[in-house]
Amino acid sequence: MEEITEAVQNISITNDSHKKNRIQVSNTKKPLFFYVNLAKRYMQQHNEVELSALGMAIATVVTIAEILKNSGFAIEKKIMTSTVDMKDESRGRPIQKAKIEILLGKTDKFDELMAAAEEERELANGEEQR
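Conventions and cut-offs
Residues numbered from 1 in each chain as written. Predicted model: local features only at pLDDT ≥ 70, side-chain atom pairs only at ≥ 80, totals over all residues. Heavy atoms only, no water. Pairing = 2+ DSSP bridges. Helix = DSSP H or I, 4+ residues; strand = E, 2+ residues; numbered from the N terminus. Axes fitted to C-alpha atoms, helices over the stretch in contact; angles between N-to-C directions. Contact = heavy atoms within 4.5 Å. Expected span 1.5 Å × (residues − 1). Buried < 20%, exposed > 50% of the residue type's maximum accessible area, 1.4 Å probe, protein only. Arc of directions from axis to C-beta. Salt bridge = Lys/Arg side-chain N within 4 Å of Asp/Glu carboxyl O.

The name given to the protein in an unreviewed UniProt entry is DNA/RNA-binding protein Alba-like protein, and the organism recorded there is Cynara cardunculus var. scolymus.

What follows is the structure in structure tokens.
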């Protein structure tokens, strides 16, 4: 019995909702490319990014992941789906919502693509100032 008590005391509970490389996507608050560019920045800093969404925002997360993959910036590492119990604000009763988490990592040519995009931006800014 002492072993069980000791094991329970040594358990550290981690709260996943505060991951530094997680982006929780909403389908109403920000434009699509806000999230695409934010994901690129997160991958620069952390080498990978986790895109997370509930309910109707799931399609937005999948679109963001596909844009990053098809443009050569990211590779898919893991996809997790689940359901989350939530309280319906209008009716006050519990409801279940679908949840998706997509973990993306940098491709080998990520840094090269980011440098090329930065160079294009600088050229465009230089021409505007003439």
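A.B. asks: How should I be thinking about the sheet that holds strand 4 (residues 94–106) in this particular structure?
C.D. replies: By way of backbone hydrogen bonds, the strands of a sheet pair with one another, either parallel or antiparallel. One open sheet holds the four strands; their spatial order is 1-2-4-3, and the pairing between them is mixed. Of all strands in the sheet, those bounded by a partner on one side alone are strand 1 (22–24) and strand 3 (74–87). Between one strand and the next, the sheet's axes are offset by a mean angle of 20 degrees, whatever the strand orientation. Running over the sheet, helix 2 (residues 32–46) touches strand 1, strand 2 (48–54), strand 3 and strand 4 and is turned about 140 degrees from strand 2. Lying on the sheet, helix 3 (residues 58–70) is in contact with strand 2, strand 3 and strand 4; it crosses strand 4 at an angle near 10 degrees.

A.B. asks: Looking at this structure, how should I read helix 3?
C.D. replies: In an α-helix, one turn spans 3.6 residues, which is why side chains three or four residues apart end up on the same side. For helix 3, which comprises 13 residues, the first-to-last C-alpha distance of 18 Å matches the rise-based estimate of 18 Å (1.5 Å per residue) to within 8%. Residues of helix 3 that are buried: I58, T60, V61, I64, A65 and L68. Viewed end-on, helix 3 has its buried residues packed into an arc of 165 degrees, placing them on one side of the element. Those residues of helix 3 that are buried lie in contact with helix 2, strand 2, strand 3 and strand 4. Downstream of helix 3 by one or two residues, G72 has phi in the positive range, about 85 degrees.

A.B. asks: Is there a simple way to think about the pattern of salt bridges in this case?
C.D. replies: Note on pairing: side chains with opposite charge can pair once their charged atoms come close. The tally for this structure, following the rule as stated, stands at nine salt bridges. Across the pair E50 and R22 runs a salt bridge, and its minimum N-O distance is 2.6 Å. Highlighted residues: E50 in strand 2 and R22 in strand 1, separated in sequence by 28 residues. Since its relative accessible area comes to 3%, E50 is described here as buried. Its salt-bridge partner being R121, residue E118 comes within 2.8 Å of it at the nearest N-O pair. One end of the pair, E118, and the other, R121, are both in helix 4 (residues 110–128), three residues apart, so they sit about a helical turn from each other. By relative accessible area, which is 46% here, R121 ends up partly exposed. Taken together, the salt bridges that share partners define one network made up of R22, E50, K99 and E101.

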